[in-house]
Amino acid sequence: MPPASAARKILRRLHDVMAGKAAAQAKLNQVVKIAADELGSEVASIYLLRDGVLELFATFGLAQTAVHVTKLSMGQGLVGNIAARREPLSLAEAKAHPDFAYRPETGEDDFHSFCGVPIVRREAAIGVLAVQHLEPRDYTEIEIEGLQTVAMVLSELIHSAGLVDDAQAMRMRAANSGPLRMNGLKLVDGLARGVAVFHQPRVVVEHTVADDVDVERTRLVEAFGRMRAQIDTMMGQAEFVAGTDHHEILETYKMFAYDEGWSRRINDAIETGLTAEAAVESVQSRNRKRMRSIDDPYLRERLTDLDDLSNRLLRTLSGQLSTAAQLGLQSDAILIARNLGPAELLEYDKRHLQGVVLEEGSLTAHVIIVARAMGVPVLGRVDQLFAQVNDGDELIVDAGNGALLVRPTAATIKSYQAMRVLKARQAEQWERVRDLPAISKDGRQIALYMNAGLLDDAASIALAGADGIGLFRTEFQFLVSATLPRRERQQALYQGVLAAAGDKPVVFRTVDIGGDKAVPYLAGGEEDENPAMGWRALRLALGRTGLMKVQARALLEAAAGRTLSVMFPMVSEPWEFAEARALMEAQRERLAAAGRAVPTDVQYGAMIEVPALIEQLDVLLPMTDFVSIGTNDLTQFLFAADRANPRLADRYDWLSPAILRVIRRVVCAAAQHDVPVTVCGEMGGRPLEALALIALGVDRLSITPAGIGPIKAMIRVATLAPLADMMLGWLAAPGVNIRAELLSAAKRQGLSF
């Protein structure tokens, strides 16, 4: 938000416009003038969605003759792009953007910079508010947030004036009556059938401008109290008490609910003149933007708990407390939600809840951990979910194939029933091998570790059948905290993880924050243009040695009396690893000199993610006790392809010769120095890709807990030696389609994928 005084001035001017008796068009004309004045722009324009197109409804600075004449389709031009994506767009040079659409009647030829935000109601874009400047310029976060505040008030004005018909979306939804297949991301494998039940009605903020800031502040305090009491009550229920599967997840959820930084940010928004509901929604919008800017999906989706709490707080403020869980499921149901928190899922009757479909969601969200423990299939990232599915529609969730079948035919239902039988047999197979070693038919043993980032993850080692934790991400504790976590708090977490692991090994990765994983208490520098390659991870830690010393001491004291395995992320140069190791050793010596208990041994490892480091393996490897290949970042950097960009998702293949040769090079170099190599990342959790890694000589994989069963079952029926020989031949020959060749070889062994 802009400074409170400036933001309050904008809101007061907008409030006066809304309270006036002028016609709707006249009010919109006043709003664009206010937006231009307060944001210092030469142009401000409002586009509204009418009959399926975005129509220029009001403008200050463009040709008035273009009003109600200039129209853009959803997705067309910069304005259509904003409406379709429901996200802000800021450009120093608008005409250079590939989506720029020139409209001569507007007279916008002389304007260079552009910033626009969606006008949203009931989670649908109903219009766009945009400003333009004559000179090329970058828009600040404060300016963009100010524009979003104006758009929030506009939504209320537009609705009250009847300029956009709320029933239009309902009519479009009612038109969807035939069978439909929708694609998504498998979050929890499984098949399920039931009727569509929407988790909750969306709370629509009807009043955005506060009449009395003190009253709104009091309402917020009372709502926080009621919401926290609900969570405390839930944690006191028998099935959620300490020692149960879900207790640690709810402890983290509760931590968010009591986070002072979150409540302070909402109060700051109220100080600008927003109502309590609008302030919660404004902060929620910023949190969602932060989630999207974090490149690591594991950490980004941990923040969905905060998003869930924001929805809970909005319902508490508005008095709309009912969800489908509270109303009760009457029959087999598929739950539909934009996103879902762990506490929300736990409120549902497990007898009737058959599956969950999310418009968002990720493999590492808290709710997915709970759903996996409950055995509930979950499909996420289903675009247009709310537009295409009606309440009560019959649904089939085929999470394994990433599909949602809406209003299926009789033939489809028959196929589903056959698939259920097949899936049940697969589950029985994985259950039988869970506690067995991953040894191939020709006697080669592969160690299968799991990735984790929370204490509740560590507690599921036995359930997953893992050999230990090959990657424990320590940064989540830093990302969710309003201040730098104290040493005692860090130490308690690491001790809990080690205790949960028992005699199985745990590899702690030192904190990987900064860049795309920004934390407010370490702000102050320039923003990175390329956050994934910016001031982050080990670079940041070595630049802020106080932070690293505190974590080093917490790790060393937590592992007192046992072996500590620690690795450093994003090592680019051997000297960085040497410096980090020396810092850890200095803290170890200091603790020992003070008579404090220390680990019996410390094993040091490096994450190989930066291609430059591969050119210096002969220098690095003699310093290390082990290395881990981070395939997600390594592939991203090797192909210069942002793995978070959906347009580039299919531009590289994990089974291309480029990435396989690089991994083979690391494996061979490490073998010469007798240094163990683990592959961490999504690549190792895919059966065919895992088979390729093993054929390259990799003997240790660290993957998601859900991937261990299928990978172990595959290894135990495979004969690996012939595949290793074939892989060497494929890598040496030009133009070989390694994916096709490996798949063919695997099928000849009877392996299925």
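This structure is a prediction, so every number in the text was calculated from the model and none was measured.

**Considering the nonpolar core**
Here comes step 1: In terms of nonpolar packing, the biggest core is built from 93 residues, with Ile469, Phe508, Phe568, Leu660, Ile663, Leu701 and Met727 touching the most fellow members.
Here comes step 2: If one sorts the elements of this core by residue count, helix α27 (residues 657–672) sits on top with eight residues.
Here comes step 3: Leaving out residues up to four positions away in the same chain, methionine 727 has contacts with Leu660, Ala692, Ala695, Leu696 and Ile738.
Here comes step 4: Counting 57 residues, the second largest nonpolar core, distinct from the first, contains Ala24, Leu147, Val209 and Leu274.

**As for the sheet that holds strand β6 (residues 124–133)**
Here comes step 1: With antiparallel pairing, six strands are arranged side by side in an open sheet as β3-β2-β1-β6-β5-β4. The open sheet has two edge strands, β3 (71–73) and β4 (89–91), and neither has a second partner. Mean inter-strand twist for the sheet, computed between neighbouring axes without regard to direction, equals 25°.
Here comes step 2: The strands touched by helix α2 (residues 24–39) are β1 (43–50), β2 (53–60) and β6; relative to β2, the strand with the most contacts, the crossing angle is about 65°.

**Some remarks on the packing of aromatic side chains**
Here comes step 1: A complete count under the given rule lists four aromatic pairs for this structure.
Here comes step 2: Here phenylalanine 472 and phenylalanine 508 contribute two aromatic rings whose centre-to-centre distance is 5.7 Å and whose plane-to-plane angle is 65°, an arrangement assigned as edge-to-face. You can see phenylalanine 472 sitting in strand β17 (residues 469–473) and its partner phenylalanine 508 sitting in strand β18 (residues 506–509), a full 36 residues away along the chain.
Here comes step 3: In this structure phenylalanine 472 comes out as buried when scored by relative accessible area, which is 0%.
Here comes step 4: Centroid distance phenylalanine 568 to phenylalanine 577: 5.7 Å. Interplanar angle 65°. Geometry classified as edge-to-face.
Here comes step 5: Through successive ring pairs, a cluster of aromatic residues spans Phe472, Tyr494 and Phe508.

**A closer look at the confidence of the model for the chain**
Close inspection of predicted coordinates is inappropriate in any region flagged by low pLDDT.
Here comes step 1: Per-residue confidence for the chain gives a mean pLDDT of 82; residues scoring 70 or more make up 83%.
Here comes step 2: Confidence drops under pLDDT 50 across residues 169–176; counting only partners more than four residues distant or on other chains, this segment forms 11 contacts.
Here comes step 3: In this model residues 238–245 is a low-confidence stretch, pLDDT under 50, and it forms 13 contacts with partners more than four residues away in sequence or in other chains.

**As for the packing of helix α16 (residues 410–433) against helix α29 (residues 705–716)**
Describing two packed helices takes the angle between their axes plus the distance from one axis to the other.
Here comes step 1: Following both chains from N to C, one finds α16 and α29 inclined at 80°, their axes separated by 9 Å at the closest point. The angle between α16 and α29 falls in the class roughly perpendicular. Seen from α16, the contacting residues are Gln429, Trp430 and Val433; seen from α29, they are Gly709, Pro710, Lys712, Ala713 and Arg716.
Here comes step 2: Of the residues that constitute the contact of α16 with α29, the class distribution is four nonpolar, two polar and two charged.

**With respect to empty space enclosed by the protein**
Think of a ball as big as a water molecule: rolled over the atoms, this probe shows where empty space is left.
Here comes step 1: Within the structure shown, the criterion is met by three cavities of 30 Å³ or more.
Here comes step 2: Here the largest cavity is characterised by a volume of approximately 240 Å³.
Here comes step 3: When contributions to the lining of the largest cavity are tallied by element, the ones reaching two or more residues are β1, α3 (77–85), β5 (113–121) and β6.
Here comes step 4: Of the pockets and cavities examined, the second largest cavity occupies roughly 40 Å³.
Here comes step 5: Listing elements by their share of the lining of the second largest cavity, those giving two or more residues are β6 and α4 (141–160).
Here comes step 6: Sort the elements by how many residues they give to the lining of the second largest cavity and α4 lands first, with three residues.
Here comes step 7: The residue makeup of the lining of the second largest cavity, split by class, is six nonpolar, one polar and two charged.

What counts, and at which threshold
Residues numbered from 1 in each chain as written. Predicted model: local features only at pLDDT ≥ 70, side-chain atom pairs only at ≥ 80, totals over all residues. Heavy atoms only, no water. Core = buried A, V, L, I, M, F, W, Y, C linked by side-chain atoms within 4.5 Å. Buried < 20%, exposed > 50% of the residue type's maximum accessible area, 1.4 Å probe, protein only. Helix = DSSP H or I, 4+ residues; strand = E, 2+ residues; numbered from the N terminus. Contact = heavy atoms within 4.5 Å. Pairing = 2+ DSSP bridges. Axes fitted to C-alpha atoms, helices over the stretch in contact; angles between N-to-C directions. Phe/Tyr/Trp six-rings, centres within 6.5 Å; stacked < 30°, edge-to-face > 60°. pLDDT = per-residue confidence, 0-100. Parallel < 35°, antiparallel > 145°, perpendicular 65-115°, else oblique. Nonpolar A, V, L, I, M, F, W, Y, C, P; charged D, E, K, R; others polar. 1 Å grid on protein atoms, 1.4 Å probe; cavity = no way out; pocket = protein on both sides within 12 Å on 5 of 7 lines; lining within 4 Å. Points joined across faces, edges and corners; volume = space filled by probe spheres on them.

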